[in-house]
Amino acid sequence: MNLSHIRNFSIIAHVDHGKSTLADRLLERTNTIPARLMRDQVLDRMDLERERGITIKMQPVRMRYGEYILNLIDTPGHIDFSYEVSRALHAVEGVLLLVDATQGVQAQTLTTLAAARAQKCVIIPVLSKIDSPAARIDDVTTELIQLLNVPKEDILAVSGKSGEGVDELLEAIVARVPPPHVADKGDLARGLVFDFSYSTHRGIAVYLRVFDGTFRAGDKLRFHAAGREFSALETGIFTPEETPALSLSAGEIGYIVTGIKEPGVVAVGDTVSAAKGSLPALAGYERPRPVVWASVYPEDQNDLPDLRKALLRLRLSDSSLSFEEESSGVLGRGFRCGFLGLLHLEIVTERLKREFALRLIVTIPTISYRVTRINGSQETVYTPAKFPDHGDIKGIEEPWAIVTIIAPSATTSALVQLLYEHEGEISATETYPDGRVELRAEMPLRELMRGFFDKLKNISSGYASLSYEILPLRSADVQRLDVLVAEEPVPAFARVVASRRVEEEAEKMVERLHAILPRQLFTTKIQARAMGRIISSRTLSAARKDVTGYLYGGDVSRKKKLLEKQKRGKKKLLERGTGRVNIPEEVFMKMVQASYE
Ligand SMILES: Nc1nc2c(ncn2[C@@H]2O[C@H](COP(=O)(O)OP(=O)(O)OP(=O)(O)O)[C@@H](O)[C@H]2O)c(=O)[nH]1
Ligand SMILES: [Mg+2]
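Sequence positions are assigned chain by chain, starting from 1 and proceeding in written order. Chain labels run from A onward and ligand labels from 1 onward, assigned in the order the entries are written. Owing to the predicted nature of the model, reporting of local features is limited to residues with pLDDT of at least 70; listing and counting of side-chain atom pairs is limited to 80 or more, with chain, interface and lining totals taken over all residues. Side-chain metrics rest on all non-hydrogen atoms present in the structure, leaving aside hydrogens and water.

**Student:** Looking at this structure, I do not really get the overall build of the protein chain. What am I missing?
**Tutor:** In this text, helices come from DSSP runs of H or I with a minimum length of four residues, and strands from runs of E with a minimum of two, each type numbered from the N-terminal end. Tallying secondary structure elements over the protein chain gives 14 helices and 31 strands in all. With the radius of gyration taken over C-alpha atoms, the globule rule is written as 2.2 Å times the number of residues to the power 0.38. The globule rule puts the C-alpha radius of gyration for 597 residues at 25 Å, and the 28 Å found for the protein chain is close to it. Residue exposure (1.4 Å probe, protein chains only): buried if accessible area is under 20% of the type maximum, exposed if over 50%, otherwise partly exposed. Expressed as a percentage of the 597 residues in the protein chain, the buried residues total 53%. For the protein chain, the computed accessible surface area is about 26,900 Å², with 50% contributed by carbon and sulfur atoms. A residue counts as positive if it is Lys or Arg and as negative if it is Asp or Glu; His and the chain ends are not included. Each charge is placed at NZ for Lys, CZ for Arg, CG for Asp and CD for Glu. Side chains of the protein chain give 79 positive and 79 negative charges; the mean places of these two sets differ by 8 Å. Where accessible areas are quoted, they stem from the Shrake-Rupley method and a 1.4 Å probe; at the residue level, only the protein chains shown are allowed to cover.

**Student:** Explain the sheet that holds strand β1 (residues 6-13) here, please?
**Tutor:** Through backbone hydrogen bonds, the strands of a sheet pair up, either in parallel or in antiparallel fashion. Across the sheet, which stays open at both edges, the 6 strands sit in the order β2-β3-β1-β4-β5-β6 with mixed pairing between neighbours. Edge positions in the sheet fall to β2 (59-65) and β6 (156-157), since each has one partner strand and no second. Against the sheet, helix α5 (residues 137-148) contacts β4 (94-100) and β5 (122-128), and its axis sits at roughly 165° relative to β5. Along the sheet, helix α6 (residues 166-176) makes contact with β1, β2, β3 (68-74), β4, β5 and β6, crossing β5 at roughly 170°. One bridge is not enough; two strands pair if DSSP finds at least two bridges between them. Only heavy atoms enter the contact rule, under which two residues are in contact if any of them lie within 4.5 Å. Here the axes come from fitting lines to C-alpha atoms, over the contacting stretch only for helices, and the angles between their N-to-C directions go from 0 to 180 degrees.

**Student:** Explanation requested: the sheet that holds strand β8 (residues 203-212) in the structure shown.
**Tutor:** Spatially, β11-β10-β16-β7-β8-β15-β12-β13 is the arrangement adopted by the 8 strands of the open sheet, whose pairing is antiparallel. The two strands at the open ends of the sheet, each matched to only one other strand, are β11 (228-231) and β13 (242-244). Direction aside, neighbouring strands of the sheet carry axes that sit 40° apart on average. Pairing geometry for strand β10 (residues 220-223) and β11, over 4 bridges, is antiparallel. Pairing of R222 across the sheet is with E229, part of β11.

**Student:** In this structure, what is going on with the packing of helix α12 (residues 502-516) against helix α14 (residues 585-592)? I would like to understand it.
**Tutor:** The description of two packed helices rests on the angle between their axes and on the distance between the axes. The contact between α12 and α14 brings their axes to 10 Å, and the two run at 160°. Of the possible angle classes, the one that applies to α12 and α14 is roughly antiparallel. The way α12 lies across α14 gives a crossing that is right-handed. Of α14, the residues touching α12 (which contributes M509, R512, L513 and I516) are V587, K590 and M591. Any angle from 65 to 115 degrees is called roughly perpendicular, while one under 35 is roughly parallel, one over 145 is roughly antiparallel, and all others are oblique. Less than a right angle of anticlockwise turn of the near helix away from the far helix marks a crossing as left-handed, whereas a clockwise turn marks it as right-handed.

**Student:** What's the story with the coordination of the magnesium ion (ligand 2) in this structure? I'm lost.
**Tutor:** In ideal tetrahedral geometry, four donors around a metal make angles of 109.5 degrees, whereas ideal octahedral geometry with six donors gives angles of 90 or 180 degrees. The donor set covers N, O and S atoms within 2.8 Å of the metal, switching to 3.2 Å for Na, K and Ca, and it leaves out water, so a site may look short of donors. Bound to the magnesium ion (ligand 2) are the protein donor atoms S20 (OG) and T55 (OG1), situated 2.0 to 2.1 Å from the metal. Highlighted residues: S20 in helix α1 (residues 19-29) and T55 in the loop between α2 (47-52) and β2, separated in sequence by 35 residues. A relative accessible area of 7% places S20 in the buried class. The exposure class assigned to T55 is buried, which follows from its relative accessible area of 10%.

**Student:** For this particular structure, what's the right way to read unusual backbone geometry?
**Tutor:** When glycine is set aside, most residues are seen to have a negative phi, and most peptide bonds are trans. Residue T239 is joined to P240 through a cis peptide bond whose omega torsion reads 0°. Topologically, P240 is positioned in the loop between β12 (234-238) and β13. Positive phi, close to 50°, is recorded for N31, a residue that is not glycine. Assignment of secondary structure puts N31 in the loop between α1 and α2. Of the residues examined, N31 reaches a relative accessible area of 67% and is grouped as exposed. Non-glycine residue E487 carries a positive phi angle of around 70°. Within the element layout of this structure, E487 appears in the loop between β27 (478-485) and β28 (488-489).

**Student:** In this structure, what is going on with the site of ligand 1? I would like to understand it.
**Tutor:** Each residue is tested against the molecule or strand, and it is near if at least one of its non-hydrogen atoms lies within 4 Å. In the vicinity of ligand 1 lie 16 residues, with K19, T21, T55, D131 and G160 positioned nearest. In the model, an oxygen atom of ligand 1 is placed 3.3 Å from a nitrogen or oxygen of the H17 main chain. Coverage of ligand 1 by the protein chains reaches 83% of its 650 Å² of free accessible surface. Two N or O atoms form a polar contact when they lie within 3.5 Å of each other; inside protein one atom must be a possible hydrogen donor and the other a possible acceptor, and for residues adjacent in sequence the pair counts only when both atoms belong to side chains.

**Student:** Explain the pattern of salt bridges here, please?
**Tutor:** Pairing between side chains of opposite charge can happen when their charged atoms approach one another. Each reported salt bridge corresponds to a side-chain nitrogen of Lys or Arg within 4 Å of a carboxyl oxygen of Asp or Glu. Enumeration over the complete set of coordinates arrives at 41 salt bridges. As a salt-bridge pair, R25 and E28 come within 3.0 Å of each other at their nearest N and O atoms. One end of the pair, R25, and the other, E28, are both in helix α1, 3 residues apart, so they sit about a helical turn from each other. For R25, a relative accessible area of 12% corresponds to the buried category. What makes E28 partly exposed here is its relative accessible area of 35%. One connected set of salt bridges, linked through shared partners, spans E398, E423, R446, E447, R450 and R500.

**Student:** Can you help me understand empty space enclosed by the protein in this one?
**Tutor:** A probe as big as a water molecule, rolled over the atoms, marks out the empty space that is left. Method remark: on a 1 Å grid restricted to protein atoms, a set of points is classed as a cavity if a 1.4 Å probe fits but cannot get out and as a pocket if it is open with protein on both sides within 12 Å along at least five of seven lines; lining residues have an atom within 4 Å of a point. Grid points are joined across faces, edges and corners, and a volume is the space filled by probe spheres set on the points. Going through the model one piece at a time under the given rule, you end up with 2 cavities of 30 Å³ or more. I56, F81, E84, D318 and S320 are, among the 13 residues lining the largest cavity, the residues nearest its centre. Here the lining of the largest cavity takes 3 residues from helix α8 (residues 342-355), the largest share from any one element. Amino acids outside the nonpolar list (Ala, Val, Leu, Ile, Met, Phe, Trp, Tyr, Cys, Pro) and the charged list (Asp, Glu, Lys, Arg) are all regarded as polar, and Gly is one of them. Considered class by class, the residues forming the lining of the largest cavity number 5 nonpolar, 3 polar and 5 charged. Here the second largest cavity is characterised by a volume of approximately 40 Å³. Along the walls of the second largest cavity sit P60, V61, R62, N71, L72, I73, F238 and I253, which together make up its complete lining. Sorting the residues of the lining of the second largest cavity by element identifies β2 and β3 as the ones contributing at least two each. Here the lining of the second largest cavity is built from residues that sort into 6 nonpolar, 1 polar and 1 charged.

**Student:** I would appreciate a short explanation of the pairing of strand β16 (residues 271-274) in the present structure.
**Tutor:** The side chains of a regular strand alternate, residue by residue, between the two faces of the sheet. With 3 bridges joining them, strand β7 (residues 190-199) and β16 adopt antiparallel strand pairing. Note that in β16 the partner of G191 across the bridge is V272. Sheet topology places β10 next to β16; 3 bridges connect them, and they run antiparallel. What sits directly across from F223, in β16, is V272.

**Student:** Help me understand the side chain of D44, please; the structure alone is not making it clear to me.
**Tutor:** Take D44: it is sitting in the loop between α1 and α2. Within the buried core, D44 has no salt-bridge partner, and the shortest N-O distance to an opposite charge, that of R50, equals 5.6 Å.

Keep in mind that these numbers describe shape and distance, not what the molecule does.
Take a look at the structure:
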């Protein structure tokens, strides 16, 4: 393969700005996908992607354009999947930075642009959706000129609907994206793993960008970090299906089938090279740091091994997922999982349910805290029930985030108010040519995860966009809040909340439980406790309930059956940790389960 004829590029943009639709047109013009197989956003191959109309996973595909080979990687726009974008950027020399002409520059435009610059990718600015009657081509062009400091002629304009501008775009890709640079290191092959796929009979296929030499089927290869050797079963390219090719050479993007079946061996960011070679590992990428945690339990404990298998399998197609086994007295054994955001959490649990037919309990997501105890020892706590007693704590730290919000100017005052309510500290503001404001603020991650996105959507009628990056830990003023039923704390109901909101939260939780907990045979106190003090309390009056009362006459066996059932119920409630009160399953679930409304 002549290197000067290869172009590797990625499409990056804010969510919904038309990346996958533009990819459709590129695939069409290059006859990569036959017309009969073409459909909207054809690279969105997962059911969930198609149903929700969003891209979740990056997708590489190779196209032929005249004498050129174009390797395109389509990326997701949603912030929760930015790890996909960052990995894609390691494999390419250029990006199409798409900006929706009806929307203008949005928060993720800025974040993905910064990521592409950090990778030294050539940036081709492209206005999208220019066919739309709502397109503001001149305004948005001006925005891009300001943002990128480029002449107007550098900005392309396309429609993924009509195909307008796509031919010019293909020419620009060839002209502006540099061919891959390959240092002459002789014949030794070396590549960087950016993704995987898995199939039961062939095991793991690694997706990689080749930087040196040539890979062929039969080669003896080695993973550097994993320290594992294997024999390449097949090399190939993406059409977008995995399609065998005789070899993969420096500068190309493709896959190698490894035959390795056990999960957990191969990681993205690892280097694959000739087993006997002496080339050092390529600079990989950091594992992403989870932002929120939630526990996932099988509804039926017998499904635990299946859930473990499913998580390991899912991690092969989602390398940002992390998890470890844990047990909770109440829910049995399960997994504490780390996610890159709330949408990521939702997508992962949905995939576990669908792709692996599992019935799951997912707990309310929380963030992590770094706690220093009185004796000086430090730990990261990501389960509220494990948060130490207040008397044992010397200091607490929590992650902060810097958020970038772009919003219509009419919402500015509501936005400032919202930021204030969420402990946000505004650090910079800027006004765009079209009057929109860009606002940067620092705030505790905890506050960002407390419904901030939804509230932002509401106050801006959906016109604001948000992006964020995690900052180092800062000192936190938070407390553990416990809920007690009949004077006994229920560990699974514990939460960590801001000191200034502890009373409000306490009231809310007590109210909620009071409203849904059935009356018991005795008067039952429902309380919330923080810093060793009861700060909210309600009393549930007693209800006398005789389970056999309505059975008159002599149906002894039925009566017995009911009593048996009652006994079993008692046993279950003992297992639930509060000996005196039966917290029915559905009440329990309402209190601990995540809900996405
Ligand atoms: N009018 C018009 N609509 C478009 C165009 N391109 C995309 N759309 C619409 O915009 C929406 C989003 O398109 P996608 O191609 O899925 O956007 P995306 O950038 O891939 O979205 P994510 O991958 O989720 O970030 C869809 O409803 C498309 O039909 C275009 O050129 N013109
Ligand atoms: Mg997409």
